[in-house]
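Each chain, written out:
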Amino acid sequence: MGGSARGQRALDSDDIPSQSPYERLSQRMLDISGDRGVLKNVIREGAGDPVTPDASVLVKYSGYLEHMDKPFDSNCFRKTPRLMKLGEDITLCGMELGLLSMRKGELARFLFRPTYAYGTLGCPPLIPPNATVLFEIELLDFLDSAESDKFCALSAEQQEQFPLQKILKVATTEREFGNYLFHQNRFCDAKVRYKRALKLLHRRRLVLSEEQHLVEAAKLLVLLNLSFVYLKLDRPAMALRYGEQALLIDQRNAKALFRCGQACLLLTEYEQARDFLVRAQKEQPCNQDINKELKKLSSYYKNYMDREREMYHRMFAPCEKGSSVGRN
């Protein structure tokens, strides 16, 4: 995707010569706007529900002008695409309409007529007036953050009126949004989303035992993420706090034990760090991260003991030499 305008060249030899490449291509595409202003051809099918109107989307895209192989606009060269909100960050009407027809993992090619693209004026110097443009778009993921934002704005009493599945869905959205921010190295923003998810789950007044199981499972994921994000924020005490809360739900959880071990190591609580890491290793003996952390702990502890012995020697060795009493 994004290397060249493949749609222009994927034409049959018996196409009408007088037609332009985009005109020929348009004959094989689906009209999704009702006026043939936005045409679509699915290259790879996606899965799940289609994008919702207020969603934030994670996409890769490349835009082409007719008769040009190189894109005039593309984000495919970025290591991590930026999350974009429909109606705010996406300015092309055709792209927004196209995205609303897509599912997660889908790759599709679109033709946008001028009305749905850059209009009669174009966008000088790149886009000429009245230009039809081709876009290849891959939908990596999307999050319906608007639904979550509206729900979180309700009072606790109002939230309690909704069924458990609604609360779990919103909490999952908040956690997934936090995960995206985490991968963007926006750790403070990720922390805020994780805490919103945890607050929702703490508010739920449980009645049935099966509800308890579902909520505890959702809490565990959020607590693990909070512990990790606090490690990234260089706040090991908070990382330990949330890691220990995760262990109250699942005392054998290897990730929770590992996070607690990492936090204790940063806090120079070496004995406690060793206890957590050995327990984690017992759950996952072949986990390389756990084994590396144990080796690091061994090195740190050795250096720590060497410094302690050296300090002791400096403090008490002179006294020991001067305290000897000779015989009469």
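How each quantity is defined
- Residues numbered from 1 in each chain as written.
- Predicted model: local features only at pLDDT ≥ 70, side-chain atom pairs only at ≥ 80, totals over all residues.
- Heavy atoms only, no water.
- Core = buried A, V, L, I, M, F, W, Y, C linked by side-chain atoms within 4.5 Å.
- Buried < 20%, exposed > 50% of the residue type's maximum accessible area, 1.4 Å probe, protein only.
- Helix = DSSP H or I, 4+ residues; strand = E, 2+ residues; numbered from the N terminus.
- Contact = heavy atoms within 4.5 Å.
- Salt bridge = Lys/Arg side-chain N within 4 Å of Asp/Glu carboxyl O.
- Phe/Tyr/Trp six-rings, centres within 6.5 Å; stacked < 30°, edge-to-face > 60°.
- Lys NZ or Arg CZ within 6 Å of the ring centre and 35° of its normal.
- Expected span 1.5 Å × (residues − 1).
- Polar contact = N/O pair within 3.5 Å; in protein donor to acceptor, adjacent residues only side chain to side chain.
- Axes fitted to C-alpha atoms, helices over the stretch in contact; angles between N-to-C directions.
- Parallel < 35°, antiparallel > 145°, perpendicular 65-115°, else oblique.
- Left-handed = near helix turned anticlockwise from the far one by under 90°.
- Nonpolar A, V, L, I, M, F, W, Y, C, P; charged D, E, K, R; others polar.
- Pairing = 2+ DSSP bridges.

Let's talk about the nonpolar core
Among the nonpolar cores identified, the biggest contains 47 residues, and Leu226 and Val229 are the most heavily contacted of them. At the level of secondary structure, the elements contributing two or more residues to this core comprise helix H6 (164–183), helix H7 (187–203), helix H8 (209–232), helix H9 (236–249), helix H10 (254–266), helix H11 (270–283) and helix H12 (288–322). At ten residues, the largest contribution of residues to this core is made by H8. Those residues within four positions of Leu226 in sequence are excluded, and the remaining contacts are Lys191, Tyr194, Lys195, Leu198 and Tyr242.

Considerations on the pattern of salt bridges
Tallied over the entire structure, the rule returns 13 salt bridges. Asp149 is the salt-bridge partner of Arg193, the closest N and O atoms lying 3.4 Å from each other. Here Arg193 is found in helix H7, whereas its partner Asp149 is found in helix H4 (residues 145–152), with 44 residues between them in sequence. The exposure class assigned to Asp149 is partly exposed, which follows from its relative accessible area of 30%. The network of salt bridges with shared partners includes Asp149, Glu174, Arg193 and Arg196.

Structural notes on the environment of Gln262
Within the fold, Gln262 resides in helix H10. According to the relative accessible area criterion, Gln262 is buried, its value standing at 17%. Taking the C-alpha atoms as reference points, Gln262 and Ala273, separated by eleven residues in sequence, lie 6.9 Å from one another. The residues touching Gln262, leaving out its near neighbours within four places in the chain, are Leu231 and Glu293.

What to know about the packing of aromatic side chains
Per the counting criterion, the structure on display carries nine aromatic pairs. Ring geometry for Phe182 and Phe228: centres 5.0 Å apart, planes at 40°, overall tilted. With Phe182 in helix H6 and Phe228 in helix H8, the pair connects residues that are 46 residues apart, well separated along the chain. Judged by relative accessible area, which is 26%, Phe228 ranks as partly exposed. In this structure, Arg241 is placed above the aromatic ring of Tyr242, and the distance from its NZ or CZ to the ring centre is 5.4 Å. Here the guanidinium or amino end of Arg259 rests over the ring plane of Phe228, the centre of that ring lying 4.0 Å away.

Digging into the environment of Gly261
Within the fold, Gly261 resides in helix H10. C-alpha separation for the pair Gly261 and Ala239, spaced 22 residues apart in sequence, amounts to 9.9 Å.

A word on H10
Taking 1.5 Å of rise per residue, 13 residues should cover 18 Å, and H10 covers 18 Å from first to last C-alpha, within 8% of that figure. Among the 13 residues in H10, eleven count as buried, and that is most of the element. A distance of 3.1 Å separates the backbone nitrogen of Lys255 from a side-chain oxygen at the start of H10, and that oxygen is part of Asn253. At the exit of H10 stands Thr268, carrying a positive phi of roughly 60°.

Some words on the packing of H10 against H11
Each pair of packed helices can be summarised by the angle the axes make with each other and by the distance between the axes. Between H10 and H11, the least distance of the axes is 8 Å, while the angle of their chain directions is 155°. As summarised for this structure, H10 and H11 are arranged roughly antiparallel, according to the angle between their axes. For the element pair H10 and H11, the recorded crossing hand is left-handed. Taking contact as the criterion, the partners of Ala254, Leu257, Phe258, Cys260, Gly261, Cys264 and Leu265 in H10 are, on H11, Tyr270, Gln272, Ala273, Phe276, Leu277, Arg279, Ala280 and Glu283. Tallied by class, the residues present in the contact of H10 with H11 amount to eleven nonpolar, two polar and two charged.

A short note on the pairing of strand S8 (residues 107–112)
Among the six residues that make up S8, six are buried, leaving the element largely enclosed by the rest of the structure. Of the two faces of S8, the one lined by Leu107, Arg109 and Leu111 and the one lined by Ala108, Phe110 and Phe112 are each fully buried. Sheet topology note: the strand S2 (residues 38–44)/S8 ladder contains six bridges and is antiparallel. Note on S8: the bridge partner recorded for Leu39 is Leu111. In terms of strand pairing, S8 meets strand S9 (residues 133–143) through six bridges, oriented antiparallel. Across the sheet, residue Phe112 finds its bridge partner in S9, namely Val133.

Quick word on the packing of H9 against H10
Interhelical geometry of H9 versus H10 gives an angle of 155° and a closest axis separation of 8 Å. One finds that H9 runs roughly antiparallel with respect to H10. In the crossing of H9 with H10, the sense of the turn from one axis to the other is left-handed. Contact residues: H9 offers Pro236, Ala239, Leu240, Gly243, Glu244, Ala246 and Leu247, while H10 offers Ala256, Leu257, Cys260, Ala263, Cys264 and Leu266.

Focus on the pairing of S9
With respect to burial, S9 is a largely interior element, nine of its eleven residues being buried. Relative to S9, strand S4 (residues 56–65) runs antiparallel, the two sharing ten bridges. Of the residues in S9, the one forming a bridge with Ser62 is Glu136.

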